[in-house]
Amino acid sequence: KAGVTQTPRYLIKTRGQQVTLSCSPISGHRSVSWYQQTPGQGLQFLFEYFSETQRNKGNFPGRFSGRQFSNSRSEMNVSTLELGDSALYLCASSLLPGAGYGYTFGSGTRLTVV
Amino acid sequence: DQQVKQNSPSLSVQEGRISILNCDYTNSMFDYFLWYKKYPAEGPTFLISISSIKDKNEDGRFTVFLNKSAKHLSLHIVPSQPGDSAVYFCAASEGRGGSQGNLIFGKGTKLSVKP
């Protein structure tokens, strides 16, 4: 079966712009989580969605937001981009929420802010 | 303050020998632990997990050991193969039996298995 699909794979944006990243979970998976990976901070949890509701949120400013659609697809948005937002953004899906169900990660979207 | 620490940024092992990757944590509320492997340009791949009610879990060549009193877990790979060369991440979550979805990751250990 198809894995977690993230689009686009690469993105270059200018400081101050906004960006939307997309994630299609594995078919049948209803929980989607987002993570940011940077060389300095490593992998950090952004948010988790289940049944179109945000279940958990990490310690990120309000410029970072997300949503989940009825088909479980998810998007995350970053407004007023800063240079420090340059990172690999990873989406993960699982059948149901919770680490015990295991998470399958996509290959990520590499965002570069210039 | 890092709640999950992988103190060895890198590890080099000969093919066929044992690889031991270590992870320490500080949050006593962590109840579920996972190991992921990551190749360049790919997302992390789940390897093995363990609940706090166990002290060992095996899956083929991979075994995870948990020492709750020491707040320490380790991943053993036996025998190591060149294809195991990757970055390994330790992750933890609160909530009984992994009911919480937000994973706290260590910064990873880069394993190199030499033929």
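What counts and how
- Residues numbered from 1 in each chain as written.
- Chains lettered and ligands numbered in written order.
- Predicted model: local features only at pLDDT ≥ 70, side-chain atom pairs only at ≥ 80, totals over all residues.
- Heavy atoms only, no water.
- Core = buried A, V, L, I, M, F, W, Y, C linked by side-chain atoms within 4.5 Å.
- Buried < 20%, exposed > 50% of the residue type's maximum accessible area, 1.4 Å probe, protein only.
- Helix = DSSP H or I, 4+ residues; strand = E, 2+ residues; numbered from the N terminus.
- Contact = heavy atoms within 4.5 Å.
- Pairing = 2+ DSSP bridges.
- Phe/Tyr/Trp six-rings, centres within 6.5 Å; stacked < 30°, edge-to-face > 60°.
- Disulfide = S-S within 2.5 Å.
- Axes fitted to C-alpha atoms, helices over the stretch in contact; angles between N-to-C directions.
- Patch = residues over 30% accessible without salt bridge, like charges linked within 9 Å, V, L, I, M, F, W, Y side chains within 5 Å.
- Areas by Shrake-Rupley, 256 points an atom, 1.4 Å probe, with all protein chains shown as cover.
- Salt bridge = Lys/Arg side-chain N within 4 Å of Asp/Glu carboxyl O.

Q: Would you take a moment to explain the nonpolar core for this structure?
A: Nonpolar side chains tend to gather and get buried jointly when the protein is soluble and globular. Ranked by size, the top nonpolar core spans 23 residues in total, and within it Phe33, Trp35, Leu73, Leu75 and Tyr88 of chain B carry the most contacts. When residues of this core are assigned to their parent elements, the largest contribution, four residues, is made by strand β9 (residues 86-94) of chain B. Those residues in contact with Phe33 of chain B that lie beyond four places of it in its chain are Tyr25, Ile48, Ser49, Ile50, Leu66, Leu73, Ala91 and Ala92 of chain B. In this structure, Ile26, Phe60, Cys91 and Leu111 of chain A belong to the second largest nonpolar core, which totals 21 residues.

Q: Where do I start with the pairing of strand β6 (residues 56-59) of chain B in this structure?
A: Across a regular strand the side chains alternate sides, sitting on one face of the sheet and then on the other. Residues and elements named next belong to chain B. As defined by bridge partners, β6 adjoins strand β7 (residues 62-67) across four bridges and the pair is classed as antiparallel. Looking at β7, one finds that Asn57 is bridged to Val64. Connecting the antiparallel pair β6 and β7 is a turn made up of two residues, with Gly60 showing a positive phi of about 65°.

Q: It is not clear to me how the packing of aromatic side chains should be interpreted in this structure. Could you clarify?
A: Aromatic ring pairs are defined here through the distance separating the ring centres and the angle between the ring planes. For the coordinates displayed, the defined rule picks out 13 aromatic pairs over all chains. Members of the aromatic cluster, joined through ring pairs, are Tyr35, Phe45 and Phe105 of chain A together with Tyr36, Phe46, Phe89 and Phe105 of chain B.

Q: I'm lost on the state of the cysteines in this one. Help?
A: Note on terminology: disulfide describes a covalent bond linking the sulfur atoms of two cysteines. All names here are of chain B. Within this structure, the stated rule accounts for two disulfides over all chains. Each sulfur of the disulfide joining Cys23 and Cys90 lies 2.1 Å from the other. On the S-S bond that ties Cys23 to Cys90, the torsion sits near -70°, and the link is left-handed. Of this pair, Cys23 sits in strand β3 (residues 19-25) while Cys90 sits in strand β9, and the two are 67 residues apart along the sequence. Assigned by exposure class, Cys23 and Cys90 land together as buried.

Q: How should I be thinking about the sheet that holds strand β1 (residues 5-7) of chain A in this particular structure?
A: In any sheet, the strands associate via hydrogen bonds between backbone groups, in a parallel or an antiparallel arrangement. Residues and elements named next belong to chain A. With respect to topology, four strands assemble into an open sheet ordered β1-β3-β8-β7, the strand pairing being antiparallel. Only two strands of the sheet have a single partner each, and these edge strands are β1 and β7 (64-68). Looking at each pair of strands side by side, their axes are set apart by 20° on average, direction ignored. Note that β7 and strand β8 (residues 74-78) share five bridges and pair antiparallel. Directly across from Arg67, in β8, lies its bridge partner Glu75.

Q: Help me understand unusual backbone geometry, please; the structure alone is not making it clear to me.
A: Between Thr7 of chain A and the following residue, Pro8 of chain A, the backbone shows a cis peptide bond with an omega angle of -10°. As for its position among the elements, Pro8 of chain A is in the loop between β1 and β2 (10-13). With an omega of -15°, the peptide bond between Val78 of chain B and Pro79 of chain B qualifies as cis. Assignment of secondary structure puts Pro79 of chain B in the loop between β8 (72-77) and β9. In this structure, Ser51 of chain A takes a positive phi of about 50° despite not being glycine.

Q: For this particular structure, what's the right way to read a nonpolar patch on the surface?
A: Residues and elements named next belong to chain B. A cluster of nonpolar residues, Ile18, Ile20 and Val78, forms a patch on the protein surface that exposes about 220 Å² of accessible area. Along the chain, the position of Ile18 falls in the loop between β2 (10-14) and β3. Overall, Ile18 belongs to the partly exposed group, its relative accessible area being 40%.

Function cannot be inferred from these measures alone, as they are strictly geometric.
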